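Below are the chains, spelled out letter by letter.
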Amino acid sequence: ADAVTRGHWHHQIADALKALGHYQRAADFLFESARLLDRAPPRSTRGALVRAIGSYAGYRLRPHRSPRPASERDPMIAAAEINMTLSEIHYELNKVPFSLAEVLRGVNLARNGGGDSTSLAKIYMGMALISRALPKALDGNDLQAKSIAMAERLGDMPTISWVYMASGVFEMGKCGWTTGEAHFQRSMQVSDLCGERKNWETSMSSLGNLKRVEGLFEEAKACSDATLAAARDRDISHSIAWSHNGRLRDLLCLNRLEEAGEDCRILHAILNDPKKKGDTNDNSNVVDGYARCLLALAEGDEAKARKGLDDAIAVVRSMSRPQVYMVQNVSFLCDAVWNLWRRSDDKSLLVQSAVVAKYGARMARQYRAGTPSAELAAGDAAWYRGKSALATKHWLTSAEAADQRGMLYNQAQALFRLDETAGLPADQSGPSWQSQLAKLGIERPRIWSMEAA
C-alpha cells in the first residue's frame, strides 16, 4: 500500500491497542503513523521542548482558518488526530514535554485545516489540561469553554464523551467538585450510548479521584469498584491498576488495613509484571510505595516501611510536572515520613521530607487542590527542623486553605497535626478535626499517627 494508506492503518491499530490498555505499543504505532502522514514526533525530551516552542509560536501567530477544500483539509485533520492521541497517551504516562509538543503540533494542523472538527475539540481540551503546567502561556478556562462548545456544535457522541471526561479532570484541579462530577456523569451517559468504554472507565475512575480529594472515601471506593469490574471484563491492566490504587487509598483512610493489604499486593504484582510495566504510570508506582510503607508501619516492620518510602520518593524525584490525579499523594507521603520520624528520629528522613515538600509546592503551583497538602508538607518539614512556630503557621494555613476549598479531610488532617503537637492557638475557635471527620462520617485515620491513642 502507499504511505498514506499505511499511515491510516497504523493509526487504526494504535486506536485498538490504546482501547485495550497497551499504551506503549499504541504509541509506537502512532509514531509510525505520524511519520507517514505528517512528520516524525520528537524522540528526546530536548527535541520535544524545541518542537513545543516552535509550535507554540505558530499557535500564537497563525489564526484558526475557515475550512479548506476537503482534499487539503482531510490529511491535516487526520494528522492532528494522530498527534492528539499520542499526546493523550504521553499525558497519562506523565511524559509532559512530549505531550505538549504533540498537542501543539496537532492544534496547528487542525486550525490550518480550518473549521470545526472533532480533532480540534479534543485538542483544545487536551491543551486545557496541560495549561496547568503552563498557566502564563495557555488560558485553560478559555480552551475548556471552546472545546465544550465545539463538541456540542458537532454533536459527535464519542467526542462529547471524551471532552466531558477530560473537562471533569480539569475541574478537579480547580476544586470544581459539582461541575466536575456533572461532567463525568455526562461523559458516562454519552459513553453508554455510543459504546466508548474507555471513556466510561476513565470518567468513573476520575470521579473516584474527585470524591477522594473531597474526602468522600466510601463514594470514591464505589467508583473504583465499578471501574475494576469494567476493566476486569476486558482484562485492561492499566484500568485494573487505577482501580486498585484508588481502593488502596480509600481503605487506608477508612482504617480497613487488612483489605488494603490485599489491594497493595495485587497492585504491586501488576506494576512488576514485565508484560504490563510499560503501560503503568508514575501515580500507581508512588501509591504502591507509600502504601507498602504505611502498611508495614502498622505491622511494626520499620525496615520494610523504609523500603516502601524510598521507592515512592525515587519516583517523586523523577517527576517535574505531576498530573492532577496525583494531588492526594502528598498527604499520604507526609503521613509515611511523619510516622517513621516519630518511631526512629532518623535524620536522613529530613531529605525525604524536603522532597515531599518540594513535590507539594509543585502541586500547589499547578492545581488549586494542591495547596492544603503543600502547606501540610511545609509544616512537617519545619517541625522536623525544630521550627515549631513556622510549622504551626503552615499547618494553620493548610487548614484554612482546605476549608476554603471544601476539602474536609485535608482540613482535619492539618488540625490533627496541630492538636497532636500542642500547636493549636490558645484562642482556637474554629472547627476541630473531630467535627470535620464527623461530617465525612469517618473515624480518625490510623495512618495519621500510628503512635497516637
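This text goes with the structure placed above it.
Criteria and cut-off values
Residues numbered from 1 in each chain as written. Predicted model: local features only at pLDDT ≥ 70, side-chain atom pairs only at ≥ 80, totals over all residues. Heavy atoms only, no water. Helix = DSSP H or I, 4+ residues; strand = E, 2+ residues; numbered from the N terminus. Rg over C-alpha atoms; globule rule 2.2 N^0.38 Å. Buried < 20%, exposed > 50% of the residue type's maximum accessible area, 1.4 Å probe, protein only. Axes fitted to C-alpha atoms, helices over the stretch in contact; angles between N-to-C directions. Parallel < 35°, antiparallel > 145°, perpendicular 65-115°, else oblique. Left-handed = near helix turned anticlockwise from the far one by under 90°. Contact = heavy atoms within 4.5 Å. Phe/Tyr/Trp six-rings, centres within 6.5 Å; stacked < 30°, edge-to-face > 60°. Lys NZ or Arg CZ within 6 Å of the ring centre and 35° of its normal. Nonpolar A, V, L, I, M, F, W, Y, C, P; charged D, E, K, R; others polar. Expected span 1.5 Å × (residues − 1).

Enquirer: What am I meant to see in the overall build of the chain here?
Expert: From N to C terminus, the chain includes 21 helices and zero strands. Here the chain has a C-alpha radius of gyration of 22 Å; the compact-globule value for 453 residues is 22 Å, and the two agree. Here the C-alpha coordinates of the chain stretch approximately 70 × 45 × 40 Å along the principal axes. The burial tally for the chain puts 59% of its 453 residues in the buried class.

Enquirer: Whenever I open this one, the packing of helix α4 (residues 70–92) against helix α5 (residues 96–113) confuses me. Can you help?
Expert: Across the interface, α4 lies against α5 with an axial gap of 8 Å and an inter-helix angle of 160°. The angle between the axes of α4 and α5 places the two elements in the roughly antiparallel class. As α4 runs across α5, the sense of the crossing is left-handed. Contacts between α4 and α5 involve R73, M76, I77, A79, A80, N83, M84, L86, S87, H90 and Y91 on the former and, on the latter, F98, S99, E102, V103, R105, G106, L109, A110, N112 and G113.

Enquirer: Please explain the packing of aromatic side chains as it appears in this structure.
Expert: Each pair of aromatic rings is reported with the distance of its centres and the angle of its planes. What the rule picks out here adds up to 10 aromatic pairs. Residues Y56 and Y59 carry aromatic rings whose centres are separated by 6.4 Å and whose planes lie at 40° to one another, so their mutual orientation is tilted. Of this pair, Y56 and Y59 are both found in helix α3 (residues 45–61), three residues apart, which corresponds to roughly one turn of the helix. You can call Y56 partly exposed: its relative accessible area is 26%. Look at Y290 and F332: their rings are 5.0 Å apart centre to centre, the planes differ by 5°, and that puts the pair in the stacked class. Within this pair, whereas Y290 is found in helix α14 (residues 282–299), its partner F332 is found in helix α16 (residues 329–344), the two being separated by 42 residues in sequence. One exposure class covers both Y290 and F332, and it is buried. Here R417 stacks its cationic end above the ring of W338, 4.3 Å away from the centre of that ring.

Enquirer: Can you walk me through unusual backbone geometry in this structure?
Expert: With glycine set apart, most residues show a phi of negative sign, and most peptide bonds adopt trans. Residues other than glycine seldom take positive phi values, yet C175 does so here, at roughly 65°. Along the chain, C175 turns up in the loop between α8 (157–173) and α9 (177–194). Overall, C175 belongs to the buried group, its relative accessible area being 9%. Look at N255: it is not a glycine, yet its phi comes out positive at around 65°. When you line up the elements, N255 lands in the loop between α12 (237–253) and α13 (257–271). With relative accessibility at 27%, the residue N255 sits in the partly exposed group.

Enquirer: Any chance you could explain the packing of α8 against helix α10 (residues 197–214) here in plain terms?
Expert: Two quantities define a packed helix pair, namely the angle between the axes and the distance from one axis to the other. Where α8 meets α10, the closest approach of the two axes is 10 Å, and the angle between their N-to-C directions is 15°. Relative to α10, the element α8 lies roughly parallel. Of the two possible hands of crossing, α8 and α10 adopt the one that is left-handed. Along its contact with α8, which presents P158, S161, W162, M165, V169 and M172, the element α10 presents N199, T202, S203, S206, N209 and L210. By residue class, the composition of the contact of α8 with α10 is six nonpolar, six polar and no charged.

Enquirer: Would you take a moment to explain helix α11 (residues 217–234) for this structure?
Expert: In an α-helix, one turn spans 3.6 residues, which is why side chains three or four residues apart end up on the same side. Its 18 residues give α11 an end-to-end C-alpha distance of 26 Å, which sits within 8% of 26 Å, the value for a rise of 1.5 Å per residue. For α11, the set of buried residues is F217, A220, K221, C223, S224, T227, L228, A230 and A231. The inward-facing, buried residues of α11 contact α10, α12 and α20 (408–420). Looking one or two residues beyond α11, the residue adopting positive phi is D235, at roughly 55°.

Just distances and angles here, no functional claims.
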